[in-house]
Amino acid sequence: MGDEYEDYRNDWDDDERNAAGGFRNKRRRVLTPWRPAPAPPPQVVYTQAPPPPPPPPAPRSVLGDISLGTTVQIVALGYAAVTPLPPKPAVTGEARTDATNLVAYQEALAQHAKRAQQISTIGMVAGVLLQGRRL
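Cut-offs used in this document
- In this convention, every chain numbers its residues from 1, walking through the sequence in written order.
- Owing to the predicted nature of the model, reporting of local features is limited to residues with pLDDT of at least 70; listing and counting of side-chain atom pairs is limited to 80 or more, with chain, interface and lining totals taken over all residues.
- Side-chain figures throughout are based on the complete set of non-hydrogen atoms in the structure, without hydrogens or water.
- Secondary structure counts use DSSP, requiring at least four H or I residues in a row for a helix and at least two E residues in a row for a strand, with both numbered from the N terminus.
- For the exposure calls, accessible area comes from a 1.4 Å probe over protein chains only, and a residue counts as buried if that area is under 20% of its type's maximum, exposed if over 50%, partly exposed in between.
- Working definition of accessibility: Shrake-Rupley area with a 1.4 Å probe, residue cover restricted to the visible protein chains.
- Contacts are assigned to residue pairs with any non-hydrogen atoms lying within 4.5 Å of each other.
- Take the number of residues in a helix, subtract one, and multiply by 1.5 Å to get its expected span.
- Angles here are taken between N-to-C directions and fall from 0 to 180 degrees, while the axes themselves are lines fitted to C-alpha atoms, restricted in helices to the stretch in contact.
- Angle categories: roughly parallel below 35 degrees, roughly antiparallel above 145, roughly perpendicular from 65 to 115, and oblique for all the rest.
- Note on residue classes: Ala, Val, Leu, Ile, Met, Phe, Trp, Tyr, Cys and Pro are nonpolar, Asp, Glu, Lys and Arg are charged, and everything else, Gly too, is polar.
- As used here, the arc belongs to the directions running from the helix axis to the C-beta atoms.
- Contacts described as polar in this section are N or O atom pairs within 3.5 Å, which, within protein, must combine one atom able to donate a hydrogen with one able to accept it, while residues neighboring in sequence count only if both atoms come from side chains.
- The predictor's confidence in any single residue is recorded as pLDDT, a number from 0 to 100.

Some words on the overall build of the protein chain
Okay, step 1: Helix and strand content of the protein chain: two helices and two strands.
Okay, step 2: For the protein chain, the N- to C-terminal ordering of α and β elements is β-β-α-α.
Okay, step 3: Per-residue burial over the protein chain gives 11% buried out of 135 residues.
Okay, step 4: For the protein chain, the exposed area adds up to about 12,300 Å²; of that, 60% sits on carbon and sulfur atoms.

Re the environment of Ser120
Okay, step 1: Following the sequence through the fold, Ser120 ends up in helix H2 (residues 95–131).
Okay, step 2: Given a relative accessible area of 15%, Ser120 falls into the buried group.
Okay, step 3: In sequence terms Ser120 and Ala80 are 40 residues apart; their C-alpha atoms lie 6.3 Å from each other.
Okay, step 4: For Ser120, the residues in contact, after removing those within four places along its chain, are Leu77 and Ala80.

Observations concerning H2
Okay, step 1: Here H2 is 37 residues long and its end C-alpha atoms lie 54 Å apart, about the 54 Å a rise of 1.5 Å per residue gives.
Okay, step 2: Along H2, the positions that sit buried rather than exposed are His112, Ala116, Ser120, Gly123, Gly127 and Val128.
Okay, step 3: Looking at the packing, one finds that the buried side of H2 touches helix H1 (68–82).
Okay, step 4: Following H2 by one or two positions, Gly132 adopts a phi angle in the positive range, close to 85°.

Let's talk about the packing of H1 against H2
Okay, step 1: The contact between H1 and H2 brings their axes to 7 Å, and the two run at 175°. The angle between the axes of H1 and H2 places the two elements in the roughly antiparallel class. Taken together, the residues of H2 that come into contact with H1 (itself represented by Leu68, Gly69, Thr70, Val72, Gln73, Ala76, Leu77, Tyr79 and Ala80) are Ala116, Ile119, Ser120, Gly123, Met124, Ala126, Gly127, Val128, Leu130 and Gln131.
Okay, step 2: Looking at the contact of H1 with H2 residue by residue, the class counts come to twelve nonpolar, seven polar and no charged.

Digging into H1
Okay, step 1: The end-to-end C-alpha distance of H1 is 21 Å, a good match for the 21 Å that 15 residues give at a rise of 1.5 Å each.
Okay, step 2: Turning to H1, its buried residues number three or more, namely Gly69, Gln73, Ala76 and Ala80. Buried positions in H1, seen along its axis, are confined to an arc of 65° and lie on one side of it. In H1, the exposed residues that point more than 90 degrees away from the buried face are Leu68, Val75, Ala81 and Val82.
Okay, step 3: Residues of H1 that are buried in the fold lie against H2.

Quick word on the side chain of Thr83
Okay, step 1: Inspection of the secondary structure puts Thr83 in the loop between H1 and H2.
Okay, step 2: You can call Thr83 buried: its relative accessible area is 19%.
Okay, step 3: Of note is the side chain of Thr83, whose polar atom sits 3.1 Å from the backbone oxygen of Ala80.
Okay, step 4: Polar contacts involving the side chain of Thr83 include one to the side chain of His112, which spans 3.2 Å.

Considering the confidence of the model for the protein chain
Do not read the fine detail of predicted coordinates wherever pLDDT is low.
Okay, step 1: Chain-level pLDDT for the protein chain is 80 on average; 72% of the residues reach the 70-or-more range.
Okay, step 2: No element of the protein chain has a lower mean pLDDT than strand E1 (residues 5–8), which averages 55, and none a higher one than H2, which averages 93.

Written out as structure tokens, the structure is:
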């Protein structure tokens, strides 16, 4: 028969109960050489070019990205915060004089707070106007 046939036996073929009339089942199969399936043609995929990378950030200044208006606000708040408080009155031991000095000291503290608030408000308004925003 040739090289392209090969005897193929099944485990059941050896069992006498499967053999009809003493005839043994033998099968033959044809061996063909293996060939790979043909490769599909390559697919061409058209895509859009990626966007260009963003430009590098501009070098930062000492103040970073703080605008002039914000700088004015910060300076005004800082100045209002560091203005010194009025000096406290000396205690004399006389009740009438100490009470008068205490009232004068409280008035000086109120004037200081008012001045600090005015400086802060003027700085805030000037900063907003420099930034070009509405109040």
